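This is what each chain is made of:
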Amino acid sequence: MTGSSPIAPSTARLPDSLVSTEWLAANLGASGLRVFDTTCFLVPDPQTTLRAESGRSSYERAHIPGSAFLDITGDEFSDPAGRFRFTMPSPERLAEAFGAHGIGDDTAVVLYAADNPSWATRFWWMLQVAGHDNAAVLDGGLKKWTAEGRPVESGAERHPPATLTPDPRPHLVVGRDGVLEALAGGACVINALSPEQHRGEGVHYGRPGRIAGSVNVASRDLLDPSTNAFIPRGEIAAAMREAGALDAERVVPYCGGGIAASVTTFWLTRLGHRNVALYDNSLGEWVTDPDLPMQTG
């Protein structure tokens, strides 16, 4: 459930890892609660397939009152030394960056985006990697919030710095070697891209298709397009079960660059799976090595 009861200011605990617009409206301004817009836009580009553009200007035009902005396109939350776009920084660096934005050990965090919730789930996963569990995604994000006639404000806000003590969980992220080990060990490797991309049709990242042996549950199909909220939990569980993810001992989600796959990691965690690791650089890395197997069809 997403909950509707107000937060207890002294504890700043969230009712769930997915909260409703009703719950957030009732709790805006609560002590210890920090709300963040995480919007990024992927724009078609003939050179890079998709170009990432910061959502900061969109945030400054209209955002949920009191919310600040987290920018995945900057150096704080994407490793500047990484070879691939959006490479996740170390847990220690993440903790430092989150602390600089006002997230501390006792802070409750609600994350949302203007349209695609994968930006919010990516930041939720990065908080998990840093060791911070008290975070949630706003179901439906800004789209649902504004459709309900709830207030927005313009400008920018930044929360006072806080201290987030890192509790590193590097096992929540894998690279290409981790994917190869997962495939060899019978894990479920799951592609969060569209069915068309999974088959090798349309936009691709340098080589069409999917990681050989992987299955497909598209993150886009987990959303109700009329509200931008997630479809019912039971339907998501059924899709994951049909793909073999719920019965697998280990699951490794991937996509083009580790963003859409964070929706998969978010939901598998919500459904109780405790052995999930995101392939961080995903196909952006995989396709650069011609010896790594791909499949189409």
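Note: the structure precedes this text.
About the thresholds
- Residues numbered from 1 in each chain as written.
- Predicted model: local features only at pLDDT ≥ 70, side-chain atom pairs only at ≥ 80, totals over all residues.
- Heavy atoms only, no water.
- Axes fitted to C-alpha atoms, helices over the stretch in contact; angles between N-to-C directions.
- Helix = DSSP H or I, 4+ residues; strand = E, 2+ residues; numbered from the N terminus.
- Left-handed = near helix turned anticlockwise from the far one by under 90°.
- Contact = heavy atoms within 4.5 Å.
- Nonpolar A, V, L, I, M, F, W, Y, C, P; charged D, E, K, R; others polar.
- Phe/Tyr/Trp six-rings, centres within 6.5 Å; stacked < 30°, edge-to-face > 60°.
- Lys NZ or Arg CZ within 6 Å of the ring centre and 35° of its normal.
- Core = buried A, V, L, I, M, F, W, Y, C linked by side-chain atoms within 4.5 Å.
- Buried < 20%, exposed > 50% of the residue type's maximum accessible area, 1.4 Å probe, protein only.
- Pairing = 2+ DSSP bridges.
- Salt bridge = Lys/Arg side-chain N within 4 Å of Asp/Glu carboxyl O.

> How should I be thinking about the packing of helix α3 (residues 91-100) against helix α4 (residues 118-130) in this particular structure?
Following both chains from N to C, one finds α3 and α4 inclined at 115°, their axes separated by 8 Å at the closest point. As for how α3 packs across α4, the hand of that crossing is left-handed. Between α3 and α4, the residues in contact are P91, L94, A95 and F98 and F123, M126, L127, V129 and A130, respectively. Looking at the contact of α3 with α4 residue by residue, the classes come out as nine nonpolar, no polar and no charged.

> It is not clear to me how the packing of aromatic side chains should be interpreted in this structure. Could you clarify?
How two aromatic rings sit relative to each other is set out by the distance from centre to centre and by the angle between their planes. Under the counting rule described, the total for this entry stands at 11 aromatic pairs. Following the ring pairs from residue to residue traces out a cluster consisting of W124, W125, F230, F266 and W267. Here the basic side chain of R150 rests over the ring of W145, its NZ or CZ set 5.7 Å away from the ring centre. A cation over a ring is seen here: R270 above W267, with NZ or CZ 4.6 Å from the ring centre.

> Is there a simple way to think about the nonpolar core in this case?
Note that soluble globular proteins tend to have their nonpolar side chains buried in a common cluster. Ranked by internal contacts, the top residues of the largest apolar core, which has 71 residues, are F98, L111, F230 and M240. At nine residues, α4 tops the list of elements feeding residues into this core. In this structure, L24, A30, I64 and L138 belong to the second largest nonpolar core, which totals 16 residues.

> Help me out: how do you make sense of the sheet that holds strand β5 (residues 68-69) in this one?
Pairing between the strands of a sheet is mediated by backbone hydrogen bonds and can be parallel or antiparallel. Spatial ordering of the open sheet is given by β1-β7-β6-β2-β5, a layout of five strands whose pairing is parallel. A single partner strand is all that each edge strand has here, and the edge strands are β1 (18-19) and β5. In the sheet, β1 pairs with strand β7 (residues 135-138) via two bridges, with the strands oriented parallel. Paired with L18 across the bridge in β7 is V137.

> Explain the pattern of salt bridges to me, please; I cannot follow it from the model alone.
Should their charged atoms come close, side chains of opposite charge can pair. Within the structure shown, the criterion is met by 13 salt bridges. For D280, the salt bridge is made with R122, and the minimal N-O distance between the two is 2.8 Å. Taken together, the positions of D280 in the loop between β13 (278-279) and α10 (282-286) and R122 in helix α4 put the pair 158 residues apart, joining distant regions of the chain. Considered together, D280 and R122 belong to a single accessibility category, that of buried residues. Note that R150 and E148 form a salt bridge whose closest N and O atoms lie 2.7 Å from each other. What makes R150 partly exposed here is its relative accessible area of 23%. The network of salt bridges with common partners includes E22, K144, E148 and R150.

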